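# Commentary on secondary and tertiary structure
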Amino acid sequence: MLDLSRVLAGPYCTMVLADLGADVVKIERPGAGDETRGWGPPYAGGESAYYLSVNRGKRSCAIDLSTDEGRRLALELCARADVVIENFKTGTAERMGLDRASVAERNPRVVYCSITGFGSRRRPAGRPGYDFVAQAESGIMSITGEADGEPMKVGVAMVDVLTGLHAAVAILAAVNRGEGDRIEVSLLDSGLAGLINVASNVLIAGGEPQRHGNAHPNIVPYQSFPTADGWIAIAAPNDGLYTRLCEALGAPELATDARFASNAVRVENRETLIPMLEERLAAKTADEWLTALEGVGVPSGKIRTVPEALQAAADAGVPATVRVPHPTAGEVELVNSPIQIDSGLRPGTAPPLLGQHTAEVLRELGIDDAEIERLAAAGAIEIR
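Okay, so let's go over this structure. (Residues numbered from 1 in each chain as written. Predicted model: local features only at pLDDT ≥ 70, side-chain atom pairs only at ≥ 80, totals over all residues. Heavy atoms only, no water.)

## Details of empty space enclosed by the protein
Heads up, the rule is: Put plainly, a pocket is an open set of points on a 1 Å grid over the protein atoms alone with protein on both sides within 12 Å along at least five of seven lines, a cavity is a set where a 1.4 Å probe fits but cannot get out, and a lining residue has an atom within 4 Å of a point. Grid points are joined across faces, edges and corners, and a volume is the space filled by probe spheres set on the points. Residues are sorted three ways: Asp, Glu, Lys and Arg are charged, Ala, Val, Leu, Ile, Met, Phe, Trp, Tyr, Cys and Pro are nonpolar, and all the rest, Gly among them, are polar.
Counting across every chain of the model gives two cavities of 30 Å³ or more. As a volume, the largest cavity reaches approximately 40 Å³. Taken together, the residues of the lining of the largest cavity break down into two nonpolar, six polar and one charged. Estimates place the volume of the second largest cavity at around 30 Å³. Along its surface, the second largest cavity is lined by Ala-18, Asp-19, Arg-56, Gly-57, Arg-346, Pro-347, Gly-348 and Thr-349. For the lining of the second largest cavity, the residue count by class is two nonpolar, three polar and three charged.

## A look at the pairing of strand E5 (residues 58-63)
Condition: Note on classification: 1.4 Å probe, protein chains only; a residue is buried when its accessible area is under 20% of the maximum for its type, exposed when over 50%, partly exposed between these limits. Helix numbering and strand numbering both begin at the N terminus, where a helix is a DSSP run of H or I of at least 4 residues and a strand a DSSP run of E of at least 2. For two strands to be treated as a pair, DSSP must find no fewer than two bridges joining them.
Among the six residues that make up E5, six are buried, leaving the element largely enclosed by the rest of the structure. By the alternation rule, side chains of E5 split into Lys-58, Ser-60 and Ala-62 and Arg-59, Cys-61 and Ile-63, which are all buried. Inspection of the sheet shows strand E2 (residues 24-28) paired to E5 by five bridges, in the parallel sense. Pairing of Val-24 across the sheet is with Lys-58, part of E5. Note: E5 against strand E14 (residues 381-382), two bridges, orientation antiparallel. Note that in E14 the partner of Ile-63 across the bridge is Ile-381.

## Examining the layout of surface pockets
Here the largest pocket defines a volume of roughly 920 Å³. Around the largest pocket, the lining comprises 29 residues; the ones closest to its centre are Ile-140, Ile-143, Thr-144, Val-198 and Gly-213. Secondary-structure elements contributing two or more residues to the lining of the largest pocket are helix H7 (158-177) and helix H9 (196-205). Ranked by residue count, the leading element in the lining of the largest pocket is H9, at six residues. By residue class, the composition of the lining of the largest pocket is 13 nonpolar, 14 polar and two charged. The computed volume of the second largest pocket comes to approximately 780 Å³.

## Structural notes on the nonpolar core
Within soluble globular proteins, side chains that are nonpolar tend to cluster in buried spots. What counts here: Throughout, nonpolar core names a set of buried Ala, Val, Leu, Ile, Met, Phe, Trp, Tyr and Cys residues whose side chains join them through atoms within 4.5 Å. Contact criterion: two residues are considered in contact whenever any of their non-hydrogen atoms come within 4.5 Å of each other.
Of all hydrophobic cores here, the largest spans 30 residues; its most connected members are Tyr-12, Cys-13, Cys-113, Ile-171 and Ile-183. When contributions to this core are tallied by element, the ones reaching two or more residues are helix H1 (9-19), strand E6 (83-86), strand E7 (111-116), H7 and strand E8 (181-186). Among the elements that line this core, the one with the most residues is H1, at seven residues. Residues within four places of Ile-171 in sequence aside, it is in contact with Met-1, Cys-13, Leu-17, Val-83, Ile-85, Cys-113 and Ile-183. Ranked by size, the runner-up nonpolar core spans 29 residues in total, among them Leu-73, Cys-78, Leu-98 and Leu-362.

## Some thoughts on the pattern of salt bridges
Here is the rule: Every case where a carboxyl oxygen of Asp or Glu lies within 4 Å of a side-chain nitrogen of Lys or Arg is listed as a salt bridge.
Within the structure shown, the criterion is met by 25 salt bridges. Among the ionic pairs, Glu-76 bridges to Arg-106, the shortest N-O distance being 2.9 Å. Of this pair, Glu-76 sits in helix H3 (residues 68-79) while Arg-106 is found in helix H5 (residues 100-106), placing the two residues 30 residues apart along the sequence. A salt bridge links Arg-363 to Asp-369, with the shortest nitrogen-to-oxygen separation between them at 2.8 Å. Residue Arg-363 is classed as partly exposed on the basis of its relative accessible area of 45%.

## Some points on the sheet that holds strand E1 (residues 2-4)
Which entries qualify depends on this criterion: Axis lines are fitted to C-alpha atoms, over the contacting stretch for helices. Their N-to-C directions set the angle, which ranges from 0 to 180 degrees.
Here we have seven strands laid out as an open sheet, ordered E8-E7-E6-E1-E2-E5-E14, and mixed in their pairing. In the strand order of this sheet, the two ends are held by E8 and E14, each with one partner. Sheet analysis places E6 next to E7, joined by four bridges and oriented parallel. Residue Ile-85 lies in a different strand from E7, and its bridge partner there is Cys-113. In the packing of H7 onto the sheet, contacts are made with E6, E7 and E8, and the angle to E8 comes to roughly 170°.

This is how it looks when you write it as structure tokens:
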């Protein structure tokens, strides 16, 4: 797989596929590389934590695509790849001769995936996009945040992650068919698809969705609650779970009260019900309530900080992280793949240094060391 992408959506896609066994060759600009290498602090061994988070298991080949020789090398790599993925601004791949048509002329069976901001067929053409802009334009920000607060983005680049996952699924489907194909996945479309039930509510009922903070527009109770010493999340998405919640709270009458007897009326009367639940939950600690709720099968959890969440996963028996040796940072700890598969994932390797594998990859094209040295001296590539 030849990875011509950078930043997050494309690299996330190729990291997922690398975990599953793909040989991913990441093409980067000599001297600078993927711009996320500089998105810090924090840094480890000269590499930003941001870059380290999405480039596990790849090989870095530093090629200057602004040069004729660099583009020739990249096209040769495309010609030998099963999959090519790029997220250039619309029109850039065509200008460099690395577009789907040019690659397919050499490699008819290539699966060519483009990740764009807003889709190549939308107007205005070539509009660039980042996750933050896509969260704004897709409506995600309008439904995120407190009811009386300002529109708010999700705390991580969730649209980029969704886009990367959609691209990975599409690539796997195309590879499985065994025929050449062109795929395009845009940030905007991924953000819109991620609206799921909220968009469906608008399409069915019209109107403008409101922000509900940590509450749910269609389910009550399904939100965060303060306890005597911290916050917990409670999800009671059906009447049976709601009844068990009321029993655990020592308030069975709230389950039979006509105002709260079904989810539909609980949604209508949430402003009355929620303070009643909050009053009862404030009487005990988070751990006490979680023990009680777990005992009756009501889905619930402690609202943790990120360090607490990582530690809790490890304490529960399945760490969320993996340690890999890194050439400049020693051993680095990375968030691991969430995929568990009986045949196993590829053992994790560290995100590569810029140009760490340039010579190795070019030798696989049949280029000898003398020519590699010449290309490096000419500035077409960077080697280590």
